[in-house]
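# Structural description and commentary
If you want the building blocks of each chain, they are given just below.
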Amino acid sequence: ASYWALPIRWRPHLLLAASYLFYGSRDWRIVLLLAACTLYTYWLALAMAGAPRPRRRWLLAASAGVPLAVLFAFKALNILAIGGPRGALGILTGLDFASSLVPIGLSYYTFQTVAYVVDVYRQDIEPERDLVIYGTYVAFFPHLLAGPIVRPKRLIPQIASPPRLASTKRFGEGLQLILIGLFKKVAVADPLLAACTDSIRPGFTGAATSTPTLLIGTIGCVGAAYFDAAGYVDMARGSAKLLSIEMQVNFAQPLTRSRCFTDFWRRWQMTLMAWFRDYVYRPIRNLRGARNETLAIFGTFLITGLWHGLSMGWLVWGLLTGAALTFERRAHIIRRTDRALRSARSPTRRGAVRLGLIGYVLAILLATMPWVFADDLGGGLTYYRSLVSSGLGAPDFNLIAFVVYATVILVLSDRFERSSELMPPGSAIPPMRWVAFGAMVVGIVIFGGTVGRDFFYVQF
């Protein structure tokens with residue numbers, strides 16, 4: 001209400017203040033790092049604009065390298081603090097580090113600033129001279145904690161030149177997205193993750209369990225991560241729409257429509273993976289003029305894994321993911337599937353459908369199984385030994401119930417995203433959608449509990 005009541009020239013100031021208040025409500029000290037990163041990249045980007053080319057390269061290295069080095073330092077410090085029983089820092093200082101030392105949202109506003117300075121260096125955009133508008137671009141509260149990563153050429157103009165009047169259509173879309181995202185997080189992701197982790201935990205210690213329980217529970221954990229991340233992005237996009245600011249969709253039904261592993265990564269965390277594509281993959285591929293795709297794929301996913309966590313487990317995750325993607329690229333799997341689907345001959349199309357089904361199953365398994373190594377390489381090896389040796393055993397009906405429930409929600413939500421408008425023409429929401437909204441509210445009340453749970457990607 002305050003945003004739309006203010007004159008246009010003062011709205012970025014309100015957004016900046018609101019974003020810093022929102023961020024500082026967790027811990028006021030982390031605001032200082034956000035402000036320092038914003039000022040540092042703002043001034044260096046201005047200096048880069050009028051500098052000769054050799055100096056611009058040094059300014060780019062400084063403006064992108066220092067924020068990334070700070071991010072790396074916090075992640076390294078986090079490993080020293082909480083790694084092992086108490087961590088090296090705990091042993092040295094006598095303090096007990098019980099939680100992550102990485103400030104929430106650090107990765108995401110670091111990626112926002114790196115995208116900005118690189119785009120200024122490449123002369124894709126002009127540097128923003130209004131510090132308030134640039135500061136709002138970096139700290140914009142909907143995407144500050146866990147994305148989506150919005151490019152400067154898309155977000156800065158919307159902050160600088162908002163519409164004079166609110167849009168009823170966008171306002172309605174925003175409210176619906178907030179409710180849908182809250183439902184995905186509270187009523188699907190949190191209870192599903194709790195059920196799955198309880199079921200697969202014995203597999204990491206070698207305790208008695210069953211192979212189907214481990215397999216279903218691990219796939220369910222990936223589903224929980226999806227609903228958690230997608231729920232945040234829905235709420236972020238909905239909050240932005242209340243201000244008539246559009247942010248990108250971050251998922252394209254990766255768990256129901258992926259035709260192969262490559263296709264999965266094109267649909268999963270699209271803005272984050274687009275960032276790694278443009279600022280990691282392409283520079284590696286074009287290194288010294290050599291268009292080495294294999295090196296670029298492995299390098300990108302090794303860096304992606306180490307961004308998730310500085311550990312051998314995430315290093316193995318990056319190697320396995322890179323190997324699978326490289327094999328698919330060399331075998332031209334996605335190209336063959338596309339060619340078969342475009343063919344008019346029905347036998348070929350049936351073969352393409354079978355190929356697509358096999359590719360889908362393999363994509364989900366390839367997306368799921370390397371995550372087992374992520375946080376603990378030794379525990380991951382124990383898990384795979386349990387997976388092979390546990391046998392069929394008795395099914396975990398609690399796990400199966402939650403996975404079936406989440407699968408039904410997944411299919412319905414993906415179908416809704418593909419075929420429905422949030423605000424149909426005439427702003428008349430169909431009656432069945434109101435019934436669905438009522439069911440979502442009931443689900444949120446039932447599964448809400450009394451303890452708040454962070455979003456998964458906030459910790460990165």
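Treat the numbers as computed from the prediction; the structure is a model and nothing was measured.

## A look at the overall build of the protein chain
The number of helices and strands found in the protein chain is 21 helices and 0 strands. Surface exposure of the protein chain reaches about 22,200 Å², of which carbon and sulfur atoms provide 67%.

## A few points about the packing of aromatic side chains
Enumeration according to the criterion identifies 33 aromatic pairs in this entry. Seen from their ring centres, Tyr134 and Tyr137 are 5.9 Å apart, and the 35° between their planes marks the pair as tilted. With Tyr134 and Tyr137 both in helix H7 (residues 131-139), this residue pair falls 3 residues apart, about one helical turn. The same class applies to Tyr134 as to Tyr137, namely buried.

## Some details on the packing of helix H14 (residues 270-285) against helix H15 (residues 293-308)
It is the contact of H14 with H15, at a shortest axis distance of 9 Å, that shows an interaxial angle of 135°. Comparing their axes, H15 and H14 come out oblique. Relative to H15, H14 is oriented so that their crossing is right-handed. For the pair H14 and H15, the contacting residues are Leu272, Met273, Phe276, Val280, Tyr281, Ile284 and Arg285 in the first and Glu293, Leu295, Ala296, Ile297, Gly299, Thr300, Phe301, Ile303, Thr304 and Trp307 in the second.

## Quick word on unusual backbone geometry
The backbone of Gln123 shows a phi angle near 65°, a positive value even though the residue is not glycine. As for its placement among the helices and strands, Gln123 is situated in the loop between helix H6 (106-121) and H7. According to the relative accessible area criterion, Gln123 is exposed, its value standing at 61%. Non-glycine residue Gln269 carries a positive phi angle of around 45°. Inspection of the secondary structure assignment puts Gln269 in the loop between helix H13 (261-267) and H14. Residue Gln269 is classed as buried on the basis of its relative accessible area of 4%.

## Points about the pattern of salt bridges
Summed over all chains, the structure comprises 17 salt bridges. The shortest N-O distance in the salt bridge between Lys169 and Glu173 comes to 2.6 Å. Of this pair, Lys169 and Glu173 both sit in helix H10 (residues 168-205), separated by 4 residues, roughly a single helical turn. For Lys169, a relative accessible area of 39% corresponds to the partly exposed category. Put simply, Arg282 and Asp278 hold a salt bridge, and the shortest N to O gap is 2.9 Å. Taken as a pair, Arg282 and Asp278 lie in helix H14 at a separation of 4 residues, close to a single helical turn. Exposure remark for Asp278: the relative accessible area of 9% places this residue in the buried category.

## Notes on the environment of Cys221
Inspection of the secondary structure puts Cys221 in helix H11 (residues 211-241). With 147 residues separating them in the primary sequence, Cys221 and Thr368 have C-alpha atoms 8.3 Å apart. Setting aside its immediate chain neighbours within four residues, Cys221 contacts Leu193, Cys196, Thr197 and Ile200.

## Focus on the packing of H10 against H11
Viewed as axis vectors pointing N to C, H10 and H11 meet at an angle of 160°, and their least axial separation amounts to 6 Å. The angle between H10 and H11 falls in the class roughly antiparallel. By crossing handedness, the relation of H10 to H11 is classed as left-handed. For the contact of H10 with H11, the per-class residue count stands at 17 nonpolar, 13 polar and 9 charged.

## Some thoughts on the environment of Ala240
One can find Ala240 in helix H11. The class for Ala240 is buried, based on a relative accessible area of 0%. Taking the C-alpha atoms as reference, Ala240 lies 6.4 Å from Pro142; in sequence the two are 98 residues apart.

## Thoughts on the confidence of the model for the protein chain
Chain-level pLDDT for the protein chain is 83 on average; 88% of the residues reach the 70-or-more range. Considering only residues more than four positions removed or in separate chains, one finds that residues 84-98, a stretch of pLDDT under 50, has 18 contacts.

## Considering the side chain of Lys185
As for its position among the elements, Lys185 is in helix H10. Of the residues examined, Lys185 reaches a relative accessible area of 5% and is grouped as buried. Of note is the side chain of Lys185, whose polar atom sits 3.0 Å from the backbone oxygen of Asp454.

## Some words on a nonpolar patch on the surface
A contiguous nonpolar patch, built from Leu215, Ile219, Leu357, Ile358, Val361, Leu362, Leu365 and Leu366 and spanning about 630 Å² of accessible area, is present on the exposed surface. Top contributing element to the nonpolar patch by residue count: helix H18 (residues 346-368), with 6 residues. Following the sequence through the fold, Ile219 ends up in helix H11. Given a relative accessible area of 32%, Ile219 falls into the partly exposed group.

## Concerning H7
For H7, a buried count of 8 out of 9 residues is recorded, marking the element as mostly surrounded by other parts of the structure. For H7, the set of buried residues is Val132, Ile133, Tyr134, Gly135, Thr136, Tyr137, Val138 and Ala139. In this structure, the buried side of H7 is in contact with helix H2 (11-24), helix H3 (29-49), H6, helix H8 (141-144) and helix H9 (152-160). For H7, the N-terminal cap is Asp130; the gap from its side-chain oxygen to the backbone nitrogen of Val132 is 2.9 Å.

Parameters at a glance
- Residues numbered from 1 in each chain as written.
- Predicted model: local features only at pLDDT ≥ 70, side-chain atom pairs only at ≥ 80, totals over all residues.
- Heavy atoms only, no water.
- Helix = DSSP H or I, 4+ residues; strand = E, 2+ residues; numbered from the N terminus.
- Areas by Shrake-Rupley, 256 points an atom, 1.4 Å probe, with all protein chains shown as cover.
- Phe/Tyr/Trp six-rings, centres within 6.5 Å; stacked < 30°, edge-to-face > 60°.
- Buried < 20%, exposed > 50% of the residue type's maximum accessible area, 1.4 Å probe, protein only.
- Axes fitted to C-alpha atoms, helices over the stretch in contact; angles between N-to-C directions.
- Parallel < 35°, antiparallel > 145°, perpendicular 65-115°, else oblique.
- Left-handed = near helix turned anticlockwise from the far one by under 90°.
- Contact = heavy atoms within 4.5 Å.
- Salt bridge = Lys/Arg side-chain N within 4 Å of Asp/Glu carboxyl O.
- Nonpolar A, V, L, I, M, F, W, Y, C, P; charged D, E, K, R; others polar.
- pLDDT = per-residue confidence, 0-100.
- Polar contact = N/O pair within 3.5 Å; in protein donor to acceptor, adjacent residues only side chain to side chain.
- Patch = residues over 30% accessible without salt bridge, like charges linked within 9 Å, V, L, I, M, F, W, Y side chains within 5 Å.

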